[in-house]
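This is what each chain is made of:
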Amino acid sequence: MSAEREGGPWSTVLVLLTILAIANWWFAPFERDDEGEADFASAGDDPMVRRTQGWAPAGRARITPGIQTITEGGGQCTTNFVFTDRAHRVYLGQAAHCAALAEGTHDCRTPTRPLGSRIVFTTGASPYDLGHRIAEGRLAYSSWRSMRQRGVRRGPLCSYNDFALVRVPRSARGLVNPSVPFWGGPTGLPVDGLSIGENVFGFGRSSLRAEESSYSRQAAVAFSDSSTARGWAHTISSRSPGLPGDSGSAFVDEDGRAVGTLSTLSIGVFFVSNGLGDLPRELRYARRHSGIAGLRLELGTVPFHRIRARAWAAGKARPQP
């Protein structure tokens, strides 16, 4: 679901404009966000998470969850969470399909760009402009590439394991903060996935939106998951759905825990839905097969804003285009 820089056919543009129009109509009148309550859950003893000190202050950091990436020879996507390894190297997550060499998603047969491919961290990109370059990372892991090499041919892995890691250069380490913009967190990893009706909160950066558009702030509701997913994916629907270019973006649950990464967009007769890859499963698979020792999710330095999340979930805040 990456956004190609050359733009798409007019039919696709019209569909996207229709979606945004419906989203704007659906939102209730705007009420100011209440910043009076925040929550920062403990990481506990989870071996897949880490709280590292010394990040750039959140207000000044330029490399965070929710910034844009442009993959060498590919389209524009959005980063999800920050990860580190045993050697203190820093990575940002994105969707594996952002580095695909052929059309198609969730297929173990789809070839992808090799590890080491250049991926630019950027802001302000549009279908006709590369935006403002922040730094250049390198593809360090791709679930699609790993599955192909291991001979995985079918099943929920092929359909839903859509996760990659981009290594941040040491020269840009001082620009990084792991906090999710607007929502705060992540506060940890969930244990039981998502329940029907549970709210989740994401931050996409599609180049099809204006850079400061608050449509990038997504409050969604979880629907019944496909029985074939076996916990690897979750279906969500939002008043401001994820668009091409939002691929890979971070989603946290009602407690600010890192629950998923945006992977697909489906346009149905009655509503638009997105598919999330289950982050705990994606991370566990990467820890086993990436060759990156000690890979862990980094916790945010900014508390998760519960009241803000509840207001947006209830439709008490209107995004401005």
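The shown structure was predicted, so the numbers you read here are calculated from the model rather than taken from an experiment.

Engineer: Got a sec to walk through the overall build of the protein chain? Specific residues and values, please.
Structural biologist: The helix and strand inventory of the protein chain stands at five helices and 15 strands. Looking at the protein chain residue by residue over its 321 residues, the buried ones come to 54%. With an accessible surface of roughly 14000 Å², the protein chain has 51% of that area assigned to carbon and sulfur atoms.

Engineer: Explain helix α5 (residues 306-313) residue by residue, including any values.
Structural biologist: Of the residues making up α5, those classed as buried are R306, R308, A309, A311 and W312. Those residues of α5 that are buried are in contact with β9 (199-203) and β10 (217-222). Of the residues trailing α5, G315 is marked for its positive phi of about 75 degrees.

Engineer: Summarise the side chain of E298; cite the residues concerned and give the values.
Structural biologist: Within the fold, E298 resides in strand β15 (residues 296-298). In this structure E298 is buried but unpaired, with R50 as the nearest side chain of opposite charge at 4.4 Å. Among the polar contacts listed, one links the side chain of E298 to the side chain of T84, at a separation of 2.6 Å. Other than its neighbours up to four places away in sequence, E298 contacts R50, R51, T52, W55, V82, F83, T84, P178 and P186.

Engineer: Tell me what's going on with a positive patch on the surface, and back it up with residues and numbers.
Structural biologist: Positive charge collects at one region of the surface, where R86, R284, R287 and R288 lie side by side. Within the secondary structure, R284 sits in helix α4 (residues 279-289). You can call R284 partly exposed: its relative accessible area is 35%.

Engineer: So what about the sheet that holds strand β4 (residues 82-84)? Which residues, and what values?
Structural biologist: The mixed open sheet is built from nine strands, whose spatial order is β1-β15-β4-β5-β8-β7-β6-β2-β3. The outermost strands of the open sheet, each flanked by one partner alone, are β1 (49-50) and β3 (76-78). With three bridges joining them, strand β2 (residues 68-71) and β3 adopt antiparallel strand pairing. Paired with T69 across the bridge in β3 is C77. Its contacts with the sheet place α4 against β4, β7 (132-142) and β15, and it is angled at close to 70 degrees to β7.

Engineer: Can you break down the state of the cysteines residue by residue, with the values?
Structural biologist: Taken as a whole and assessed by the stated rule, the structure comprises two disulfides. With a sulfur-sulfur separation of 2.0 Å, C77 is cross-linked through a disulfide to C98. Taking the sign of the S-S torsion, about -110 degrees here, the bridge from C77 to C98 comes out left-handed. One end of the pair, C77, is in strand β3; the other, C98, is in the loop between β5 (90-94) and β6 (118-123), with 21 residues separating them in the sequence. In this pair, the class of C77 matches that of C98, namely buried.

Engineer: Please give an account of the pairing of β5 that cites residues and values.
Structural biologist: Counting buried positions along β5 yields five of five residues, so the element is predominantly enclosed. Here β5 shows two buried faces, one formed by V90, L92 and Q94 and the other by Y91 and G93. Across three bridges, β4 lies against β5 in antiparallel orientation. Pairing of T84 across the sheet is with V90, part of β5. Between β4 and the antiparallel strand that follows it, β5, lie five residues; H88 among them carries a positive phi value of about 70 degrees.

Engineer: Before we move on, can you summarise the pattern of salt bridges with the specific residues and values?
Structural biologist: Across all of its chains, the model carries eight salt bridges by this definition. A salt bridge links D253 to R257, with the shortest nitrogen-to-oxygen separation between them at 2.9 Å. Residue class for R257 comes out partly exposed when judged on its relative accessible area of 26%. The structure contains a network of salt bridges with shared partners spanning D253, D255, R257 and R306.

Engineer: Pulling in residues and values, what's your account of α4?
Structural biologist: Owing to its 3.6 residues per turn, the α-helix aligns residues three or four sequence positions apart on the same side. Taken as a whole, α4 has its buried residues at L279, P280, E282, L283, Y285 and A286. Two residues or fewer after α4 comes G291, characterised by a positive phi angle close to 80 degrees.

Engineer: I'd like a rundown of the pairing of β9, residues and numbers included.
Structural biologist: In terms of residue burial, β9 counts as a mostly covered element, since five of its five residues are buried. On β9, burial covers both faces: N199, F201 and F203 on one face and V200 and G202 on the other are all buried. Pairing of β9 with β10 involves five bridges; the strand directions are antiparallel. The partner of G202 across the bridge, within β10, is Q218. Bridge analysis of β9 against strand β12 (residues 250-252) gives three bridges, and the strand direction is antiparallel. Looking across to β12, one finds that G202 is bridged to F251.

About the thresholds
- Residues numbered from 1 in each chain as written.
- Predicted model: local features only at pLDDT ≥ 70, side-chain atom pairs only at ≥ 80, totals over all residues.
- Heavy atoms only, no water.
- Helix = DSSP H or I, 4+ residues; strand = E, 2+ residues; numbered from the N terminus.
- Buried < 20%, exposed > 50% of the residue type's maximum accessible area, 1.4 Å probe, protein only.
- Areas by Shrake-Rupley, 256 points an atom, 1.4 Å probe, with all protein chains shown as cover.
- Contact = heavy atoms within 4.5 Å.
- Lys, Arg positive; Asp, Glu negative; His and termini not counted.
- Salt bridge = Lys/Arg side-chain N within 4 Å of Asp/Glu carboxyl O.
- Polar contact = N/O pair within 3.5 Å; in protein donor to acceptor, adjacent residues only side chain to side chain.
- Patch = residues over 30% accessible without salt bridge, like charges linked within 9 Å, V, L, I, M, F, W, Y side chains within 5 Å.
- Charge placed at Lys NZ, Arg CZ, Asp CG, Glu CD.
- Pairing = 2+ DSSP bridges.
- Axes fitted to C-alpha atoms, helices over the stretch in contact; angles between N-to-C directions.
- Disulfide = S-S within 2.5 Å.

Nothing here speaks to function; it is all geometry.
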